[in-house]
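# Examining the three-dimensional arrangement
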Amino acid sequence: MDFLVTNSPALIVALPLLAAFAIPLVNRAGPRVRDIFSLVIFSLIAFFVAILAVDIHSVGIHVYTFGATAAELALPGGYMVPVRIMFEVDGMSIFMGIIVTTVTLAALIYSLHFMKGQTGQARFYSLMMLLYAGMMGLAFTGDMFNLFVFLEIASIAGAALAAYRTNKADAIEGGFKYIVISAVSALLVLFAIGILYAQYNVLSIAALAYYMQYTPLDMIALGLLAGALVMKLAGVPLHMWAPDTYTVAPAGTTPMILAASYISMYALYRVTFTLYGGLINTTAIGWVVIIVGVLSMFVGVMMAVHQTDIKRMMAYHAISQGGYMLLGVGVCLAVITDPVALASYGRDAMNGGVFHIINHVFYKALLFMTAEAIFFRIGTRDTNKMGGLARNMKWTAGFYIIGALAISGIPPFNGFASKLLIYESVLKFSPVLSVIAMFVSLVTLASFAKVFYSAFTGPPMPAYKEVKEVPKSMIIGMSILAVLIIFFGLFPGLIVDTIVAPATNALIDQAPYINAVMGAVP
Amino acid sequence: MMEHIPLNFPFLAAALLAGVAFYIIIFKRNLIKLIMGIAMLASAVNLFLVALGYRAGGNAPIYTDVPPGPMVLPVPQALTLTSIVINVAVLALMLTMVVHIYRHTGDIDSEKSRKLKG
């Protein structure tokens, strides 16, 4: 068991990578064998994530050094700087790991029936595993260069999945936009890594943070990194790719591409809090984050209201909800140097912003899945052509209501818990921002209610008389997320204490992250 | 000042390449040209990394039969190789997508082949 816990960071990334290339081979034994193989491998990975999470909760940061005699040996004898490739998993990394793993598990189960009868399924599951490996690597890496490598792995797999339906022109277009944006942002990240390496001759994030001088060159690097990562996480004004890509991606993968955006958000937090922590002008940077957040919230929701494509509407809401996370974290960043304000509301704002990531990924994944369930049965995403579907698709309608109430911040669903944290803490910082956040929530509710009425209620449409409920595996995939949404909404205190607070502590205090690699040097 | 120019020259070339690449990526509407712009940006970054690894008077870090004197650290070269491999994959994927776009719409102009708006 100890052996498994020690090596789990490497196994969590290596297993899906190997599985990705094994799946086309296994596929030769038949689609059923392939489905079972994917599920078994993924359950094994989820088990590793679970034991790693438990261990991090009780012990603390995990450092995994590749090729060292002992996994914890970050500095081999006689070396002043870490020279080996390493993974460093702290509270925030494993928090992202839990999100990605849960969503991928639900998406995988959902896809089993959804993909049935389509061509190229072996490659579909391969790409899914590859995207998962890229995201987990990005969350776990302790090394700037591997950040770039995993960013590219996730981008390539994500773009190929978004363009999976190559028989449709819009799918190709959405995938192409995603790969262009990802390629440019990844190259900017690599350029910034080059600038950092030129000055400090190290690539490990902990060592870079330890030696960081914050010279003008470092400021350029920060600008490049922040610009590239905001582009990847679809923050306004660099959001234009997100609605196109989210809309066209096949069902199970839209939640995964959404999670990939929040992994980029994690990378942004890792850079601003850990790499540059304590050196940057936090008030100015905090306000930049707040402004990007408020703009995303407002522009996203205003663009969403008039959409007639159900997934496109949800995609704009995803941009808008991303704004809440940036708002909460930005408020904490703006007051991080002021201990009184940090204790009174800064930490709560941060908790809210981070908690909102997991809540949003879960309910937005559920909503995307219901939208694709409708598409699966009636073949259109246009809300004007839908009507009376609740009669035939009771489960889907129920899941849609759960997701819609959660995204609008109605108790007892999980969106309420994190939004309340954000409202309360932001109110103490600046009441105007809090009012804007509440207003955006109201518009969100209105827009989801509108789609609910046009799609699910009303007289039965003759064209959809024969429409049946979606197959079991799709219902199971959606119910995993629905159960979690209700559970998080009923016990928000438990979730905040066990997984959210360690994550925010890991970001606010950078010292443990650095010391885990560099030793406790003053 | 003059003696620094040869050493700085690769950095200037990288900056120039990146500038031209950004011009192409932002202003050109032909998708193939857009991909060429991204390839140029990748070359600029690779040139920058290789130039970082250059040390005047250093030896290649090949341990057998090495002449006396300092050896250079091969990390930037390793990074460049990795980055080249990754960029090949990205460019190949982008080109296949453009082929598909051309098949569907008969055009590779980004304004004319566009379907998703608003």
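Residues numbered from 1 in each chain as written. Chains lettered and ligands numbered in written order. Predicted model: local features only at pLDDT ≥ 70, side-chain atom pairs only at ≥ 80, totals over all residues.

This part takes up the overall build of chain B. Along the backbone of chain B there are three helices and zero strands. Here chain B has a C-alpha radius of gyration of 20 Å; the compact-globule value for 118 residues is 13 Å, and the former is much larger. Projected onto its principal axes, the C-alpha positions of chain B cover 60 × 35 × 20 Å. Counting across all 118 residues of chain B, residues that qualify as buried make up 25%. Across chain B, the fraction of contacts at a sequence separation of at least 24, relative to all contacts at a separation of at least 6, is 54%. (Helix = DSSP H or I, 4+ residues; strand = E, 2+ residues; numbered from the N terminus. Rg over C-alpha atoms; globule rule 2.2 N^0.38 Å. Buried ≥ 20, exposed ≤ 12 C-beta atoms within 10 Å, placed from the backbone. Contact = placed C-beta atoms within 7 Å.)

What follows is about the overall build of chain A. Each helix and strand in chain A was counted, giving 19 helices and two strands. Taken over C-alpha atoms, the radius of gyration comes to 22 Å for chain A, in line with the 24 Å a tight globule of 522 residues would show. Its C-alpha atoms give chain A principal-axis dimensions of about 75 × 60 × 40 Å. Counting across all 522 residues of chain A, residues that qualify as buried make up 62%. Residue pairs at least 24 apart in sequence account for 80% of intrachain contacts in chain A once pairs closer than 6 positions are excluded.

So, on to the interface of chain B and chain A. Interfaces are often sized by the accessible area lost when the parts come together. Contact with chain B, which involves 25 residues of that partner, is made by 26 residues of chain A. Within the residue set of the side of chain B that touches chain A, elements represented by two or more residues are α2 (31–53) and α3 (75–105) of chain B. Sorting elements by how many residues they give to the side of chain B that touches chain A places α3(B) first, with 13 residues. Of the residues belonging to the side of chain B that touches chain A, the class tally is 18 nonpolar, five polar and two charged. (Nonpolar A, V, L, I, M, F, W, Y, C, P; charged D, E, K, R; others polar.)

Quick look at the pairing of strand β1 (residues 62–65) of chain A now. All names here are of chain A. In β1, alternate side chains face the same way, and those of H62 and Y64 on one face and V63 and T65 on the other are all buried. Of the strand pairs in this sheet, β1 and strand β2 (residues 86–89) are connected by four bridges, and their pairing is antiparallel. Across the sheet, the residue bridging to V63 is E88, located in β2. (Pairing = 2+ DSSP bridges.)

Now for the environment of A:R391. All names here are of chain A. With respect to the helices and strands, the residue R391 is situated in the loop between α13 (339–378) and α14 (394–407). Among the residues examined, R391 registers 17 C-beta atoms within 10 Å and is labelled partly exposed. Separated by 41 residues in sequence, R391 and V432 place their C-alpha atoms 43 Å apart.

Another point: the packing of α13(A) against helix α17 (residues 472–490) of chain A. Residue and element names in this part refer to chain A. Relative to each other, α13 and α17 sit at 150 degrees, their axes nearing to 9 Å. Considering the angle they form, α13 stands roughly antiparallel to α17. Every pair of crossing elements has a handedness; the one defined by α13 and α17 is left-handed. Only M474, G477, M478, L481, A482, L484, I485 and F488 of α17 make contact with α13, whose side of the interface consists of N359, F362, Y363, A365, L366, M369, T370 and A373. The residue makeup of the contact of α13 with α17, split by class, is 13 nonpolar, three polar and no charged. (Axes fitted to C-alpha atoms, helices over the stretch in contact; angles between N-to-C directions. Parallel < 35°, antiparallel > 145°, perpendicular 65-115°, else oblique. Left-handed = near helix turned anticlockwise from the far one by under 90°.)

Residues and elements named next belong to chain B. Predicted confidence across chain B gives a mean pLDDT of 86, with 93% of residues reaching 70 or more. Mean pLDDT in chain B bottoms out at helix α1 (residues 5–27), which sits at 88, and peaks at α2, which reaches 93. Complex prediction metrics read pTM 0.93 and ipTM 0.92. (pLDDT = per-residue confidence, 0-100.)

Attention now goes to the nonpolar core. Core analysis: the biggest nonpolar cluster contains 243 residues, and A:L131, A:M135, A:A259, A:I263, A:L327, A:L366 and A:I485 have the highest contact counts within it. Ignoring anything within four residues of it in the chain, the contact list for A:I485 reads A:F362, A:Y363, A:L366, A:I402, A:A406, A:F413 and A:N414. (Core = buried A, V, L, I, M, F, W, Y, C linked by C-beta atoms within 7 Å.)

Residues and elements named next belong to chain A. Helix α10 (residues 253–275) packs onto helix α4 (residues 121–140) with a crossing angle of 20 degrees between their chain directions and a minimal axis gap of 10 Å. As summarised for this structure, α4 and α10 are arranged roughly parallel, according to the angle between their axes. By crossing handedness, the relation of α4 to α10 is classed as left-handed. Counting all contacts with α4, which are made through M128, L131, M135, L138 and A139, the residues of α10 involved are T253, M256, A259, A260, I263, Y266 and A267. The residue inventory of the contact of α4 with α10, partitioned by class, reads eleven nonpolar, one polar and no charged.

Residue and element names in this part refer to chain A. Look at helix α6 (residues 169–200): 47 Å from first C-alpha to last across 32 residues, which is about the 46 Å you get at 1.5 Å a residue. Within α6, 27 of the 32 residues are buried, which leaves it mostly tucked inside the rest of the structure. Just downstream of α6 lies N201, where phi reads positive at about 60 degrees. (Expected span 1.5 Å × (residues − 1).)

Residues and elements named next belong to chain A. Within helix α19 (residues 511–518), burial applies to Y513, I514, A516 and V517. All buried residues of α19 project into a common sector of 155 degrees when viewed along the axis, lining one side. In this structure, the buried side of α19 is in contact with β1, β2, α7 (205–211), α10 and α18 (492–508). One or two positions beyond α19, positive phi appears at G519, with a value near 75 degrees. (Arc of directions from axis to C-beta.)

What follows concerns the environment of A:Y324. Take A:Y324: it is sitting in helix α12 (residues 310–334). Between the alpha carbons of A:Y324 and A:V294 there is a distance of 7.5 Å; along the sequence they are 30 residues apart.

All names here are of chain A. Look at the link from V236 to P237: it is a cis peptide, with omega at 10 degrees. Relative to the elements of secondary structure, P237 occurs in the loop between α8 (216–232) and α9 (241–248). Going from P411 to P412, the amide bond is cis rather than trans, its omega being 5 degrees. With respect to the secondary-structure elements, P412 resides in the loop between α14 and α15 (414–429). Even without being a glycine, Y214 presents a positive backbone phi close to 60 degrees. Residue position: Y214 is located in the loop between α7 and α8. Residue classification places Y214 among the partly exposed positions, given that 13 C-beta atoms sit within 10 Å. Even without being a glycine, A234 presents a positive backbone phi close to 65 degrees. With respect to the secondary-structure elements, A234 resides in the loop between α8 and α9.

Another point: the environment of B:M36. Residue and element names in this part refer to chain B. Mapped onto the fold, M36 is located in helix α2. Using a count of 16 C-beta atoms within 10 Å as the deciding quantity, one classes M36 as partly exposed. As for M36 and A21, which are separated by 15 residues in sequence, their C-alpha atoms are 8.1 Å apart.

The next point concerns the confidence of the model for chain A. Detailed reading of the predicted coordinates is not advisable wherever pLDDT falls low. Residues with a pLDDT of 70 or more make up 99% of chain A, whose mean pLDDT is 89. Ranking the elements of chain A by mean pLDDT puts α19(A) last with 86 and helix α5 (residues 144–162) of chain A first with 93.

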